[in-house]
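Reading the structure
Listed here are the chains, written in short residue letters.
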Amino acid sequence: MTDMSDRVALVTGASSGIGRATARAFAAKGARVVLAARRKHELDKLVTEIEGQGGKATAIKTDVSAAQDVEKMVAHAIEVFGRLDYAVNNAGIEGQWAGITDLTEDEWDRVLDINLKGAFLCMKHEARAMLDGGHGGAIVNIGSVNSFLGFQTGSAYVASKHGLIGLTTSVSAELAPQGIRVNLVCPGFIDTPMHRRAREIVGDELYDEGLIPNVHLQRAGRPEEIAQSIIFLCSDEASYITGTTLTPDGGYTLTI
Ligand SMILES: NC(=O)c1ccc[n+]([C@@H]2O[C@H](COP(=O)([O-])OP(=O)(O)OC[C@H]3O[C@@H](n4cnc5c(N)ncnc54)[C@H](O)[C@@H]3O)[C@@H](O)[C@H]2O)c1
């Protein structure tokens, strides 16, 4: 697999779950890692962990829905490590689950601003930095099985994740001629804090007896397993893959 020791990877939402596992996986491949999220103290702990294992990392407090924050995040990556090769736009929220007549405009905006506008803002600045660097790069956005499937009371989340498909394919077409690949990873049920909150709402019984039996592998995934899909799409081994979706969901979306 690609030696990433001369590469720089940026991960948003790196303070928890899939983002944290991805940051660790990049560091394990030798990449220097830029960690971005809203909880700086959690990021600082991860910097200490990565540096304790001989890696290099830096953290910056970022709200991906705020244009100024995102601009500063990418500028920080260039200032500290001098280049940007990989960007993983993972930060996301599930929002409050509510039927369409109860869903507030503010909540709709909050979910779309973080999950969809956040990815737009991140790609805008990440792509500029990669183009300026003149060495290409790879961007991975994080969708969901809800990029394909709806669920009742989840319309804002589902709309944001569906939107990431169109955003990813369009930006892929724009950037591929300049050596930047853009893909979307669409995880299934992955054991993270977000997933545990969802499980609490659904209830153990429906989760264990209604949902997990539809996963071919009969279990939730681990964040580290999603990190490996992301690392693959960034690596040189994925050099002919762009504009597509990879769905590490244990087979959940394949049968009814
Ligand atoms: N866990 C799952 O089952 C699952 C399934 C499909 C997709 N996903 C997607 O994977 C991504 C990561 O989710 P997770 O399960 O690790 O959740 P998580 O709640 O554990 O982590 C989410 C991360 O995003 C960060 N974040 C949230 N809002 C932010 C903002 N405005 N600016 C910057 N950072 C922000 C949080 O601080 C945290 O670090 C999300 O985009 C989520 O939609 C998760």
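Residues numbered from 1 in each chain as written. Predicted model: local features only at pLDDT ≥ 70, side-chain atom pairs only at ≥ 80, totals over all residues. Heavy atoms only, no water.

**Observations regarding unusual backbone geometry**
Backbone geometry at Thr153 places phi at a positive 75°, although glycine is not the residue there. Of note, Thr153 is situated in the loop between strand 5 (137-142) and helix 5 (155-175). By relative accessible area, which is 34% here, Thr153 ends up partly exposed. Not every positive phi belongs to a glycine, and Gln218 is a case in point at roughly 65°. Checked against the element boundaries, Gln218 lands in the loop between helix 7 (204-211) and helix 8 (223-234). Note on Gln218: relative accessible area 47%, which makes it partly exposed. (Helix = DSSP H or I, 4+ residues; strand = E, 2+ residues; numbered from the N terminus. Buried < 20%, exposed > 50% of the residue type's maximum accessible area, 1.4 Å probe, protein only.)

**A word on the packing of helix 4 (residues 105-133) against helix 5**
Viewed as axis vectors pointing N to C, helix 4 and helix 5 meet at an angle of 15°, and their least axial separation amounts to 8 Å. With respect to each other, helix 4 and helix 5 are oriented roughly parallel. As for how helix 4 packs across helix 5, the hand of that crossing is right-handed. Taking contact as the criterion, the partners of Trp108, Val111, Leu112, Asn115, Leu116, Ala119, Phe120, Met123, Ala127 and Leu131 in helix 4 are, on helix 5, Ser155, Ala156, Tyr157, Ala159, Ser160, Lys161, Gly163, Leu164, Leu167, Val171 and Leu175. Split into classes, the residues belonging to the contact of helix 4 with helix 5 amount to 16 nonpolar, four polar and one charged. (Axes fitted to C-alpha atoms, helices over the stretch in contact; angles between N-to-C directions. Parallel < 35°, antiparallel > 145°, perpendicular 65-115°, else oblique. Left-handed = near helix turned anticlockwise from the far one by under 90°. Contact = heavy atoms within 4.5 Å. Nonpolar A, V, L, I, M, F, W, Y, C, P; charged D, E, K, R; others polar.)

**Examining the packing of aromatic side chains**
A complete count under the given rule lists four aromatic pairs for this structure. Measuring from centroid to centroid gives 5.7 Å for Phe26 and Tyr86, while their planes differ by 15°, and the two rings are stacked. You can see Phe26 sitting in helix 1 (residues 17-28) and its partner Tyr86 sitting in strand 4 (residues 86-89), a full 60 residues away along the chain. Of the two residues examined, Phe26 and Tyr86, each falls in the buried class. (Phe/Tyr/Trp six-rings, centres within 6.5 Å; stacked < 30°, edge-to-face > 60°.)

**Comments concerning the pattern of salt bridges**
Working definition: two side chains of opposite charge can pair if their charged atoms are close together. Evaluation of the coordinates by the stated rule reveals 15 salt bridges. One salt bridge in this structure joins Asp85 and Arg83, with 2.6 Å as the shortest N-O distance. Looking at Asp85, the relative accessible area reads 4%, which means it is buried. The partner of Glu225 in a salt bridge is Arg222, with the nearest N and O atoms 3.4 Å apart. (Salt bridge = Lys/Arg side-chain N within 4 Å of Asp/Glu carboxyl O.)

**Notes on empty space enclosed by the protein**
In the structure shown here, the tally under the stated rule is two cavities of 30 Å³ or more. By volume, the largest cavity amounts to about 60 Å³. Forming the boundary of the largest cavity are 13 residues, of which Asn89, Ala91, Ile114, Asn115 and Ala119 lie nearest the centre. It is helix 4 that provides the largest number of residues to the lining of the largest cavity, a total of five residues. Its residues placed into classes, the lining of the largest cavity shows seven nonpolar, five polar and one charged. In terms of lining, the second largest cavity is formed by Glu94, Gly95, Gln96, Trp97, Leu103, Val111, Thr153, Gly154, Ser155, Ala156 and Tyr157. In terms of residues, the lining of the second largest cavity owes the most to one element, helix 5, which gives three residues. Per-class residue counts for the lining of the second largest cavity are five nonpolar, five polar and one charged. (1 Å grid on protein atoms, 1.4 Å probe; cavity = no way out; pocket = protein on both sides within 12 Å on 5 of 7 lines; lining within 4 Å. Points joined across faces, edges and corners; volume = space filled by probe spheres on them.)

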